[in-house]
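Per-entry structural report
Take a look at the letters that make up each chain.
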There are 2 protein chains.
Amino acid sequence: MAIDAASNLDAAPNLHTTAAERLRRDGQRYTSNRRVLVELLEDADRPLTIPELLERQAGIPQSSAYRNLSVLERAGVVERVMATDEFARFELAEDLTGHHHHLICSGCGSVSDFVVAPAVERRLDEAVEAIAGETGFRIEGHRFDLIGYCRDCVAAGR
Amino acid sequence: MAIDAASNLDAAPNLHTTAAERLRRDGQRYTSNRRVLVELLEDADRPLTIPELLERQAGIPQSSAYRNLSVLERAGVVERVMATDEFARFELAEDLTGHHHHLICSGCGSVSDFVVAPAVERRLDEAVEAIAGETGFRIEGHRFDLIGYCRDCVAAGR
DNA sequence: ATGAGTGCAAAGGCTTTGCATTAGG
DNA sequence: CCTAATGCAAAGCCTTTGCACTCAT
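Now for a look at the structure at hand.

What counts as what
- Residues numbered from 1 in each chain as written.
- Chains lettered and ligands numbered in written order.
- Predicted model: local features only at pLDDT ≥ 70, side-chain atom pairs only at ≥ 80, totals over all residues.
- Heavy atoms only, no water.
- Salt bridge = Lys/Arg side-chain N within 4 Å of Asp/Glu carboxyl O.
- Helix = DSSP H or I, 4+ residues; strand = E, 2+ residues; numbered from the N terminus.
- Pairing = 2+ DSSP bridges.
- Axes fitted to C-alpha atoms, helices over the stretch in contact; angles between N-to-C directions.
- Contact = heavy atoms within 4.5 Å.
- Near = heavy atom within 4 Å.
- Polar contact = N/O pair within 3.5 Å; in protein donor to acceptor, adjacent residues only side chain to side chain.
- Core = buried A, V, L, I, M, F, W, Y, C linked by side-chain atoms within 4.5 Å.
- Buried < 20%, exposed > 50% of the residue type's maximum accessible area, 1.4 Å probe, protein only.
- Expected span 1.5 Å × (residues − 1).
- Arc of directions from axis to C-beta.
- Buried area = accessible area lost by both parts, 1.4 Å probe.
- Nonpolar A, V, L, I, M, F, W, Y, C, P; charged D, E, K, R; others polar.

**Details of the pattern of salt bridges**
Counted by the stated rule, this structure contains 18 salt bridges over all chains. When the shortest N-O distance is used, the salt bridge between A:Glu39 and A:Arg35 registers 3.2 Å. Residue A:Glu39 and its partner A:Arg35 are both found in helix H3 (residues 32-43); the two are separated by four residues, about one turn of the helix. Here B:Glu52 and B:Arg46 are joined by a salt bridge, their closest N and O atoms 3.3 Å apart. Salt bridges sharing common partners tie together A:Arg143, A:Asp145, B:Arg143 and B:Asp145.

In structure tokens form, the structure reads like this:
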């Protein structure tokens, strides 16, 4: 559902303001197309592919979607998620929605979100700490995804 | 370096036998092209893209590389790794080489391998256990990758 | 006015596929 | 022999780009 000026106040008070601000910092504008993309991602509970975004809002030309998502990614508003298939998926940046992880289906390639209990997340952070020192990498984040088969694929016998 | 009949005995006694067996189980043959691909992946210490594989062994046509890697993947001999760029990367299946993780460079997209201490790995397994019950997924594995910047990209100021 | 954004169309680039030929069992 | 595998070429498909037009500032 779209967020108008009224519902904007209770539903997501800062999201659009933050997005506009981050874009402006990059010398970019928060246009209506970009707002629509952000709203579509806000309403989704999982990363969406560009074909999925386009079919939800036929108004946006393909090239604008690709270009705007790149701009939004560079500005730190959205993040690109690669799973196991050829599709790039997009979701709002973690600092806007909270840290989470992905369930990646080996059967159909679908991606869904999940969060883990704080205690478990703390374990993961400890693991990252333990690894950080041993590598030449400047570590900026981690990705802890579970691979398996989603309900539909299990039902379909794979 | 290629593995001939002699060195095969000490270097990797079971790899090719195992590969042949898994392919046969799928009604597939372990041909010379497929053997070359497996050897290239065996000698690499990180997942390789198809362009990388082709430039290391000019003899294999592009289409055969794609087709054979798909066959090898279906047979469970190799695994496909998606990072942050558009390239699919391939590595030997984990049960052939041991469980490991990936360092993914946000700067250049390169992927390298690393292993974590058993104690840390145990922490990760505990986390997987904790999550498994809460999801509709049939979990088959996990992926714990670190995102950051590799030595080269850090040196290049990104 | 002035540059960013837009949208259509065309091109890029990784990947897949059709088809005739070759080779493995 | 007979089917799988091969290899060349062409097509597919996601993605990017060129260019002229529009819009916001």
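**A short note on the sheet that holds strand S4 (residues 101-105) of chain A**
Overall, mixed pairing links the six strands, which are arranged S5(A)-S4(A)-S6(A)-S6(B)-S4(B)-S5(B) in an open sheet. Both edges of this open sheet fall to strand S5 (111-114) of chain A together with strand S5 (111-114) of chain B, since each of them pairs with a single strand only. Averaged over all pairs of adjacent strands, the angle between their axes in this sheet comes to 30 degrees, without regard to strand direction. For S4(A) and S5(A), the ladder comprises four bridges, and the chain directions are antiparallel. Bridge pairing in S5(A) places A:His101 opposite A:Phe114. Against the sheet, helix H7 (residues 118-132) of chain A contacts S4 and strand S6 (138-149) of chain A together with S5 and strand S6 (138-149) of chain B, and its axis sits at roughly 130 degrees relative to S6(A). On top of the sheet, helix H7 (residues 118-132) of chain B reaches S5 and S6 of chain A together with strand S4 (101-105) and S6 of chain B; it is set at about 130 degrees to S6(B), its chief contact.

**Quick word on the protein's contact with DNA strand D**
What surrounds DNA strand D is a group of 17 residues, the closest being A:Gln62, A:Tyr66, B:Gln28, B:Thr31 and B:Arg34. Here, DNA strand D places atoms within 4 Å of the protein, and 63% of those atoms are sugar or phosphate. Side-chain polar atom of B:Gln28 to a phosphate oxygen of DNA strand D: 2.7 Å apart, as the coordinates give it. Secondary structure elements with two or more residues in the surface near DNA strand D: helix H5 (62-74) of chain A together with helix H3 (32-43) and helix H5 (62-74) of chain B.

**Regarding the nonpolar core**
The biggest cluster of nonpolar side chains holds 52 residues, and the ones touching the most others in it are A:Leu41, A:Leu69, A:Leu72, B:Leu41, B:Leu69 and B:Leu72. Considering each element in turn, this core owes the most residues, five residues, to H3(B). With residues near it in sequence (within four places) discarded, A:Leu41 still touches A:Leu48, A:Leu53, A:Leu69, A:Val78, A:Phe90, A:Glu91 and A:Leu92. Within the second largest apolar cluster, 30 residues are counted, among which are A:Phe114, A:Ile131, A:Phe137 and B:Leu124.

**What to know about H5(B)**
All names here are of chain B. Over its 13 residues, H5 extends 19 Å from the first C-alpha to the last, a length consistent with the 18 Å expected when each residue adds 1.5 Å. Taken together, the buried positions of H5 are Ser64, Ala65, Asn68, Leu69, Val71 and Leu72. Taken end-on, H5 shows its buried residues confined to a sector of 160 degrees, consistent with a single buried face. Along H5, exposed side chains directed more than 90 degrees from the buried face belong to Gln62, Arg67 and Arg74. Residues of H5 that are buried sit in contact with helix H2 (15-25), H3, helix H4 (50-56), strand S2 (78-82) and strand S3 (88-92). Gly76 sits one or two positions beyond H5 and adopts a positive phi of about 80 degrees.

**Section: the pairing of S3(B)**
Residue and element names in this part refer to chain B. Counting buried positions over the five residues of S3 gives five, a clear majority of the element. Taken together, the five bridges between S2 and S3 define a ladder with antiparallel strand orientation. In the strand pairing of S3, Met82 is matched with Ala88. Remark: five residues form the turn of the hairpin made by S2 and S3, two consecutive strands paired antiparallel.

**Topic: the interface of chain B and chain A**
At the junction of the two partners, chain B supplies 38 residues and chain A supplies 38 residues. Summing both sides of the interface, chain B and chain A together bury roughly 3500 Å²; the carbon and sulfur share of this comes to 66%. Ranking the residues of chain B by area buried against chain A places B:Phe137, B:Arg138 and B:Arg143 at the top, with a combined share of 21%. Where chain B packs against chain A, one counts four salt bridges. Its salt-bridge partner being A:Asp145, residue B:Arg143 comes within 3.1 Å of it at the nearest N-O pair. At the boundary of chain B and chain A, one finds 12 residue pairs in polar contact (both at pLDDT 80 or more). Counting residues per element, the ones that place at least two in the side of chain B that touches chain A are S2, S4, S5, H7, S6 and helix H8 (151-155) of chain B. Of the residues in the side of chain B that touches chain A, the class split is 21 nonpolar, seven polar and 10 charged.

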